[in-house]
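These are the residues of each chain, in order.
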Amino acid sequence: MEINGHTRICGLIGNPVEHTLSPMIHNTLAGLLGHNLVYVPFLVEEGRVPEAVTGADALHLLGLNVTVPYKSEVIQCLQEIDDLAKNIGAVNTLVKTAGGYKGYNTDMEGLYRAMKSEGIRLEGEQIVLLGAGGAARAVAYLCAVKGAEKVYMLNRTISKVQAVAEEVNRTVGREVILPMITEDYVKLPERKYLAIQGTSVGLAPHTEDVVIADKVFYEKIKTGFDLIYNPWETKFMRLVRQQGGDAYNGLKMLLYQGIIAYELWNDVSVSEEQAQIVYEKLKEHFT
Ligand code: NAP
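Residues numbered from 1 in each chain as written. Predicted model: local features only at pLDDT ≥ 70, side-chain atom pairs only at ≥ 80, totals over all residues. Heavy atoms only, no water.

Draft legend 1. Seen up close, the sheet that holds strand 8 (residues 150-155). Read from one edge of the open sheet, 6 strands run 9-8-7-10-11-12, paired in parallel fashion. Every other strand in the sheet has two partners, leaving strand 9 (177-181) and strand 12 (246-248) as the edge strands with one partner each. Averaged over all adjacent pairs, the angle separating strand axes in this sheet is 20 degrees, with direction ignored. Here strand 7 (residues 126-130) pairs with strand 10 (residues 193-197) via 4 bridges, running parallel. Opposite Ile 127, over in strand 10, you have Leu 194 as the bridge partner. Running over the sheet, helix 6 (residues 158-172) touches strand 8 and strand 9 and is turned about 180 degrees from strand 9. (Pairing = 2+ DSSP bridges. Helix = DSSP H or I, 4+ residues; strand = E, 2+ residues; numbered from the N terminus. Axes fitted to C-alpha atoms, helices over the stretch in contact; angles between N-to-C directions. Contact = heavy atoms within 4.5 Å.)

What follows is the structure, encoded as C-alpha cells:
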C-alpha cells in the first residue's frame, strides 16, 4: 500500500506496546479491504493519557485501541461513551467524532463472537468463571446480559469477587453472579459446566501455573475457554482436555475485538472469510 496524503491513521495506546499483535490484525484487514489506512502502536508513559488523546484528536487520527493499563483511565478523556463500555467501566476502542472521541468496549463483544464461532453458548448456561480482575469483571457482565442462568465466580481474593458480583447483579437486576473463594470449587454442584479462565495465571513465561490443579474440578468441565492465548495451549486447557472436555484459547477473542474496532472505524462489515485469513496469519505467530 502506498502511503500518501489520503492515508488515514489508527493506532494503539498502552504501556508496554512492543509485543502487540494488533498491527497485524488491522494492517491485514486494510490490505484485504483495499483501504488506505495504517495502524501503529504508540507507547504512552504514565500520566500522559489525556495529552495522547488530545494529540490524536488534533492529528485527526481515525481511531485508537487502548490496552493495559489505560482502559479505565482513558474514560475521563472521552467526548462520549457507549452504554456497554460504561457499564463495564473499561474502554478499549476510541472512534473519532466531531468533538473528540467516543469510547467503546469491543473486548466483550469480541469474546462473544469468538465463542459463537466455536459453537459455545452463554444463554441458559451454568458457568464457572475464574478471576475477578478487569477482564473477568467484563466477562461476568457479558454472561449476565447474554442470559446465563448462573455464574459461579471464583477468585483468590474474596472481597474483590464479592464487589464485582454485587455490582453486576445490581446492574442487570438479578442474582446471576455467585461469588466464591477459589478453594470452594469442591462445593460446586455436581454437573458439567462451561468454564472461563479469566485470571492472568498461566500466561507466558509462567506456562506451568494454573489456578486450580485438582483433576476433580476438571471432571466437571465440558468446555474450557481461556482468555490467555500465549502459550497456545495453557495448562488450564490441557487439564480440561485430559478430562475429556473441549478447550479454546483467547486468540479468537483478540481477533474479533480487533475486527469490531475496525468495523466501527470504517463503517464496514468484515466477512467470516476475511476474519479467517487474519486468524490464520495470527496463528502462524504461535504455531
Ligand atoms: P487483572 O485485572 O490484573 O486481574 C488478574 C486476575 O488474576 C485477578 O482475579 C487475580 O486475583 C488473579 N490472579 C493473579 N495472580 C494470581 C495468582 N497467583 N493466583 C490466583 N489468582 C491470581 O488482569 P486482567 O486485565 O483481568 O487480565 C486477565 C487475563 O486476561 C490476562 O492474562 C490477559 O492476557 C487476558 N486477556 C485476554 C484478552 C484477549 O483478547 N484474549 C483480553 C483481555 C485480557 P486477585 O483478585 O486475588 O488478585
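Draft legend 2. Spatial organisation of the packing of aromatic side chains. By the definition in use, this model includes 8 aromatic pairs. Judged by centre distance (6.1 Å) and plane angle (35 degrees), the ring pair of Tyr 39 and Trp 265 falls under tilted. Pair noted here: Tyr 39 is in strand 2 (residues 37-43) and Trp 265 is in helix 9 (residues 251-266), with a separation of 226 residues, a long-range link. Overall, Trp 265 belongs to the buried group, its relative accessible area being 5%. When the ring of Tyr 229 is compared with that of Phe 286, the centres are 5.9 Å apart and the planes differ by 80 degrees; the resulting orientation is edge-to-face. Pair noted here: Tyr 229 is in the loop between strand 11 (221-226) and helix 8 (235-242) and Phe 286 is in the segment after helix 10 (272-284), with a separation of 57 residues, a long-range link. (Phe/Tyr/Trp six-rings, centres within 6.5 Å; stacked < 30°, edge-to-face > 60°. Buried < 20%, exposed > 50% of the residue type's maximum accessible area, 1.4 Å probe, protein only.)

Draft legend 3. Up close: the sheet that holds strand 3 (residues 63-66). The strand order 2-1-3-5-6-4 describes an open sheet built from 6 strands, whose pairing is mixed. In this open sheet, the two strands that pair with only one neighbour each are strand 2 and strand 4 (80-81). Pairing of strand 5 (residues 93-97) with strand 6 (residues 100-104), which is carried by 5 bridges, proceeds in the antiparallel orientation. Note on strand 6: the bridge partner recorded for Lys 96 is Tyr 101. In the packing of helix 2 (residues 49-58) onto the sheet, the strands contacted are strand 1 (8-14), strand 3, strand 5 and strand 6, and the crossing angle to strand 6 comes to about 120 degrees.

Draft legend 4. Structural detail: the domain arrangement of the chain. Annotation of the chain at the domain level lists domain 1 (8-105 + 252-283) and domain 2 (109-249). Once you take the C-alpha centre of each, domain 1 and domain 2 turn out to be 26 Å apart. Taken residue by residue, the interface counts 15 residues in domain 1 and 15 residues in domain 2. For the pair domain 1 and domain 2, the summed buried area comes to about 1,400 Å², and 63% of that belongs to carbon and sulfur atoms. Ranking the residues of domain 1 by area buried against domain 2 places Ile 88, Lys 252 and Met 253 at the top, with a combined share of 39%. (Domains from an automatic or database assignment. Buried area = accessible area lost by both parts, 1.4 Å probe.)

Draft legend 5. How the structure looks around the site of the ligand. Taken together, 19 residues surround the ligand, and among them Ala 135, Asn 155, Arg 156, Thr 157 and Lys 160 come closest. One nitrogen or oxygen atom from the side chain of Arg 156 is found 2.8 Å from an oxygen atom belonging to the ligand. At a separation of 3.4 Å, an oxygen atom of the ligand approaches a polar backbone atom of Ser 200. Computed on the free molecule, the ligand has an accessible area of 940 Å², of which 71% lies beneath the protein chains in the complex. Contributions of two or more residues to the shell around the ligand are made by helix 5 (134-145) and helix 9. (Near = heavy atom within 4 Å. Polar contact = N/O pair within 3.5 Å; in protein donor to acceptor, adjacent residues only side chain to side chain. Areas by Shrake-Rupley, 256 points an atom, 1.4 Å probe, with all protein chains shown as cover.)

Draft legend 6. Representation of the nonpolar core in the model. Grouped together as the largest cluster of nonpolar side chains are 60 residues, with contacts concentrated most on Leu 111, Leu 122, Met 153 and Ile 196. Of all the elements, helix 9 adds the most residues to this core, at 9 residues. Counting residues domain by domain, this core receives three or more from each of domain 1 (8-105 + 252-283) and domain 2 (109-249). Excluding anything up to four places from it in sequence, Met 153 contacts Leu 129, Gly 131, Ala 132, Ala 136, Arg 137, Ala 140, Val 161, Val 164, Ile 177, Leu 178, Pro 179 and Met 180. Judged by nonpolar contacts, the second largest core, of 19 residues, contains Tyr 152, Leu 188, Val 210 and Met 237. (Core = buried A, V, L, I, M, F, W, Y, C linked by side-chain atoms within 4.5 Å.)

Draft legend 7. Main features of the packing of helix 1 (residues 22-33) against helix 10. Packing of helix 1 against helix 10 brings their axes to within 10 Å, and their N-to-C directions diverge by 140 degrees. Compared by their axis directions, helix 1 and helix 10 come out oblique. Relative to helix 10, helix 1 is oriented so that their crossing is right-handed. Two secondary-structure elements touch here, helix 1 through Met 24, Ile 25, Thr 28, Leu 29, Leu 32 and Leu 33 and helix 10 through Gln 274, Ile 277, Val 278, Lys 281 and Leu 282. (Parallel < 35°, antiparallel > 145°, perpendicular 65-115°, else oblique. Left-handed = near helix turned anticlockwise from the far one by under 90°.)

Draft legend 8. Here's a closer look at the environment of Glu 272. Relative to the elements of secondary structure, Glu 272 occurs in helix 10. Owing to a relative accessible area of 45%, Glu 272 belongs among the partly exposed residues under this scheme. Put simply, Glu 272 and Gly 250 are 22 residues apart on the chain and 18 Å apart in space, counted from C-alpha to C-alpha.

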